[in-house]
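Commentary on secondary and tertiary structure
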Amino acid sequence: MNRRVVVVGGGIAGLTALYRIRQQSPETETILLEASPRLGGKILTTTFLGRPIDEAADMFISRVPWGLDLCEELGVEGFLISPSTSSAYVLINGELRKLPEALLLGVPTKMLPLLRSRIVSPLGVLRAGLDRIRPDDWPGDDESVGGLIRRRMGDQIADRLVDPLIGSISAGDTDHLDVALAAPQLETASRRHRSLVTGLKEQARNSPENTKPLFLSFENGMSHLIHVLVKALGDADIRTNTRVTQVRNDGEGLRIVTNEATIESDVVILATPAHQAATLLSGCPSASNRLSSIEHASVALVTMGLRRSDIGHPLDGSGVLVPRTEGLLATAISWGSSKWPHWADDEHVVLRVSAGRAGDTRALALDDDALVEALLTEIGQILDVDGSLIEWRVSRWIDAFPQYAPGHDRLVSAVERDLRSELPGVFLTGAGYRGLGVPACIRQGGECAHTALDYLNSI
Ligand SMILES: Cc1cc2nc3c(=O)[nH]c(=O)nc-3n(C[C@H](O)[C@H](O)[C@H](O)COP(=O)(O)OP(=O)(O)OC[C@H]3O[C@@H](n4cnc5c(N)ncnc54)[C@H](O)[C@@H]3O)c2cc1C
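This report concerns the structure included in the present document.

Here the focus is the packing of aromatic side chains. Under the definition given, this model contains 2 aromatic pairs. Ring geometry for Phe-427 versus Tyr-455: centroids 5.7 Å apart, planes at 70°, classification edge-to-face. With Phe-427 in strand β22 (residues 426–428) and Tyr-455 in helix α16 (residues 438–458), this residue pair connects regions lying 28 residues apart in the sequence. For Tyr-455, a relative accessible area of 21% translates into the label partly exposed. In this structure, Arg-443 packs its charged tip against the face of Trp-66, placed 4.9 Å from the ring centre.

This is the structure in C-alpha cells:
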C-alpha cells in the first residue's frame, strides 16, 4: 500500500512542502487540507482600483536564494519585477526625514549622512559613533535586536531607525526579538567584531555582489507565485474549506480530524501558524504548551486610493516608517503606487497604511470606518492630504506575525523533540519557526518535505 502524507495548511510553506514531496517521491499519496476557501494564506492579491494589489506580502527578498530559486524552477523568473524606488522616510517629531545613505539594516555606517539626516540629535550621532571605541560588552547569547543596538549605538538609533525598520518586518518590538533570528547579519557582525559598524562593513565587503534587485514581486501580484505553484502540483488532492481540528495518534497510527472526516496518515506536516498548531496538538501537551507560548502580533493594513492632486507631498520614495515614539496608530505608510507604478494611473495614487504591532493593539480595537477615518487624519497631516478617499479596504491580519523572542530557536527544537517522542510522524513548518519571510517559508517547506520523506523511509 502507498504511504500517505497529509499537509495541513495551504500557505506558501505547505504548498512548497507538498510540491517537494510529490517531486521527490511521486509514489507517495498526498493530501493537502486547507481551512479557508482559497490557497496562499498570507499571500493574497485582490483587485483594488481595478488593479491587482497585494493585501499582505507584496514582495520578497533576493538576498537569500530560496524565493528566486523556486521562481526559476517554476519558469516564472521572467515575470519578476522590482520596486521603482528604494529611498524612504522616517517620521521624527511629526516631520518627514529621508533615511540617510549607508544604512545597513537600519544601522548607520557613516556618521556624516546620519548627522545631515536630522533623524537623531547631534548627541545621538556622537553616541552612535562611540561604537567604534567602546570596549567589547557582549552580554552572551539570547540578546534582543534592541539590546544589541542600544549597547553599541544608543537609544536614538534603536528607537528611530532600527526598531521601525526591523520591527516592521514582523510587526514586532525589537527589544523583545532575538537578534540571531530577526536580524542574523547584525548578530554575526557583532560576534565577529567588537564594533558593530566595522563588522557590518566587513560583511558587506565580503558578501558576493548581488546584481539582482534586492526586492522582487510580480506585475499581477504575489498570488501569481501561488497560482503557478498550484498549477505545478497538477492533479494533487487539495481540499479547501477543510479545517483540521485535531491531530492525534490513537495507538493505531496518526489520525487527522477535520470538520468533515477523520483521515489516517503515515506523516502529517503541520504548515499552519504556530498558534493553530498548538490547538491541533492538544493531545501532545508538552509540544502544545510550548507552541502556545509563542506570541503573535496582529496588523490591520488599510489600502487607500486617492487623487494625486489631493496630496501635497510628491511621494518620492517607497514610503514612511513611523517609530513607536511618535505615538500614532500608523506604523508605516507604503507609497504603493510610487513603489509599484502599475498599481495606479497618472491621476491616482495608492497608499498602504499599516497599523498595529506587538504591544500596540489600539488600531485593532477600532471598527473599519473608525480605523480608516483615524488613519486618514494621521496621513492627512503627514502628507498634506486635502481630499477624500476614492476607494479603501481594510485587511485584518490577526495573530499573523510570530514573535521570535530570545531563545525561540531552542523552543522550536524542544517542540520538535516532543513530537519525535510523543507523536512521531508529525512535523512542523512555516513562518512560526525558522524565518517568516516568503523565501524562508519556501526553504522550510522544502526542508520539512525532506525530513518527512526520510522518516517515511525509516518506518
Ligand atoms: C500584512 C503582511 C505583510 C507581509 N509582507 C511580507 C513581505 O512583503 N515579504 C515577505 O517575504 N513576507 C511578508 N509577510 C510574511 C509572509 O507573508 C508570511 O510569513 C508567509 O506567507 C507565511 O506563510 P505560511 O505558509 O507559513 O503561513 P500562512 O500563509 O499563514 O498559511 C497557513 C495556512 O494554514 C491554514 N490553516 C490554519 N489553520 C488551519 C487548520 N486548522 N486547518 C487547515 N488549515 C489551516 C490557513 O488558512 C493558511 O492558509 C507579510 C505578512 C503579513 C501578514
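Still more to cover.
Here the focus is the nonpolar core. Within the largest apolar cluster, 40 residues are counted, with the highest numbers of intra-cluster contacts made by Ile-12, Phe-60, Leu-74, Leu-225, Ile-269 and Val-438. Among the elements of the structure, β1 (4–8), α1 (12–24), α2 (66–73), β11 (215–218), α10 (223–232), β16 (267–270) and α16 are those that each provide at least two residues to this core. By residue number, the principal contributor to this core is α16, which donates 8 residues. For Ile-12, the contacting residues outside a window of four places in its chain are Gly-40, Ile-43, Leu-225, Ile-226, Leu-229, Val-438, Cys-441 and Ile-442.

Time to look at the sheet that holds strand β21 (residues 391–402). Across a sheet, paired strands are connected by hydrogen bonds in the backbone, their directions being either parallel or antiparallel. An order of β8-β7-β18-β19-β20-β17-β21 is seen for the 7 strands of this open sheet, with the pairing classed as mixed. In this open sheet, the two strands that pair with only one neighbour each are β8 (95–98) and β21. The average undirected angle you get between the axes of adjacent strands in this sheet is 25°. Relative to strand β18 (residues 319–321), strand β7 (residues 89–92) runs parallel, the two sharing 2 bridges.

Positive phi values are uncommon outside glycine, yet Asp-142 reaches one of about 65°. Judged by relative accessible area, which is 36%, Asp-142 ranks as partly exposed. Here Asn-241, not a glycine, exhibits a phi torsion of approximately 55°, which is positive. By the secondary structure assignment, Asn-241 is in the loop between β12 (237–239) and β13 (244–249). Judged by relative accessible area, which is 42%, Asn-241 ranks as partly exposed.

Right, let's get into the packing of helix α4 (residues 122–129) against helix α5 (residues 145–153). When two helices pack together, their arrangement is given by the angle between their axes and by how far apart the axes lie. Packing of α4 against α5 brings their axes to within 7 Å, and their N-to-C directions diverge by 100°. Judged by the inter-axis angle, α4 sits roughly perpendicular to α5. Counted together, Gly-124, Arg-127 and Ala-128 of α4 and Arg-150, Arg-151, Arg-152 and Met-153 of α5 form the full contact between these two elements. In the contact of α4 with α5, the residues fall into 2 nonpolar, 1 polar and 4 charged.

Let's shift gears to the site of the ligand. Around the ligand sit 35 residues, and of these Glu-34, Lys-42, Met-59, Leu-436 and Val-438 come closest. Lys-42 is positioned with one of its side-chain polar atoms (N or O) 2.6 Å from an oxygen atom of the ligand. A domain split of the shell around the ligand shows at least three residues from each of domain 1 (4–43 + 220–294 + 404–458) and domain 3 (297–402).

Within a regular beta strand, the side chains point alternately toward one face of the sheet and then the other, so they alternate between its two faces. Of the two faces of strand β15 (residues 262–265), only one is covered, namely that formed by Ile-263 and Ser-265; the face formed by Thr-262 and Glu-264 stays uncovered. Note: strand β14 (residues 254–258) against β15, 4 bridges, orientation antiparallel. What sits directly across from Arg-255, in β15, is Glu-264. Taken together, β14 and the strand that follows it, β15, pair antiparallel across an intervening segment of 3 residues.

In this structure the tally under the stated criterion is 30 salt bridges. Here Lys-339 makes a salt bridge to Asp-58, at a shortest N to O gap of 3.0 Å. Here Asp-58 lies in the loop between β4 (51–54) and β5 (60–61) and Lys-339 lies in helix α13 (residues 336–339), a separation of 281 residues in the sequence. Here Lys-339 matches Asp-58 in class, with each residue buried. With its nearest N and O atoms 2.6 Å apart, the salt bridge here joins Arg-151 to Asp-137. With a gap of 14 residues between them, Arg-151 in helix α5 and Asp-137 in the loop between α4 and α5 connect regions that are remote in the sequence.

This part covers α1. Relative to the 18 Å expected for 13 residues at 1.5 Å per residue, α1 spans 18 Å between its end C-alpha atoms, a close match to the ideal helical length. Counting buried positions along α1 yields 10 of 13 residues, so the element is predominantly enclosed. Where α1 is concerned, the buried positions are Ile-12, Ala-13, Gly-14, Leu-15, Thr-16, Ala-17, Leu-18, Tyr-19, Arg-20 and Ile-21.

This paragraph deals with the side chain of Ser-395. The residue Ser-395 is located in strand β21 in this model. Overall, Ser-395 belongs to the buried group, its relative accessible area being 3%. Side-chain polar atoms of Ser-395 contact the side chain of Glu-55, separated by 2.6 Å.

Here is what the cut-offs are and how they apply
- In this convention, every chain numbers its residues from 1, walking through the sequence in written order.
- Thresholds applied to this predicted model are a pLDDT of at least 70 for local features of residues and 80 or more for the giving and counting of side-chain atom pairs; totals over whole chains, interfaces and linings are not thresholded and use all residues.
- Values shown for side chains rest on all heavy atoms present in the structure; no hydrogens or waters enter the calculation.
- Only rings of Phe, Tyr and Trp enter the pairing, Trp through its six-membered ring, and a pair is recorded when the two centres are within 6.5 Å. The plane angle decides the type: under 30 degrees is stacked, over 60 is edge-to-face, the rest tilted.
- The helix and strand labels rest on DSSP assignments: H or I over at least four residues marks a helix, E over at least two residues marks a strand, and numbering proceeds from the N terminus.
- Think of it in three bands: residues with accessible area under 20% of the maximum for their type are buried, residues over 50% are exposed, and the middle band is partly exposed, with areas taken using a 1.4 Å probe on protein chains only.
- Each ring is checked for a lysine NZ or an arginine CZ that lies within 6 Å of its centre and within 35 degrees of its normal; such an atom marks a charge sitting over the ring.
- Remark: nonpolar core denotes a set of buried residues (Ala, Val, Leu, Ile, Met, Phe, Trp, Tyr, Cys) joined through side-chain atoms within 4.5 Å.
- A contact between two residues is defined here by any heavy atoms of the two lying within 4.5 Å.
- Two strands pair under a simple rule: DSSP has to find at least two bridges between them.
- All axes are obtained by fitting lines to C-alpha atoms, using only the stretch in contact for helices, and the reported angles, taken between N-to-C directions, cover 0 to 180 degrees.
- Angular relationships are summarised with four words: roughly parallel below 35 degrees, roughly antiparallel beyond 145, roughly perpendicular across 65 to 115, and oblique for the angles in between.
- Here the term charged refers only to Asp, Glu, Lys and Arg, the term nonpolar to Ala, Val, Leu, Ile, Met, Phe, Trp, Tyr, Cys and Pro, and the term polar to all other amino acids, Gly among them.
- Proximity is defined per residue: if any heavy atom of the residue lies within 4 Å of a molecule or strand, that residue is considered near it.
- Counted as a polar contact is a pair of N or O atoms within 3.5 Å, where, for protein atoms, one must be capable of donating a hydrogen and the other of accepting one, and residues adjacent in sequence contribute only when both atoms are in side chains.
- Source of the domain bounds: an automatic or database domain assignment.
- The salt bridge definition used is simple: a Lys or Arg side-chain nitrogen within 4 Å of an Asp or Glu carboxyl oxygen.
- Here a helix's expected span is defined as the number of its residues, less one, multiplied by 1.5 Å.

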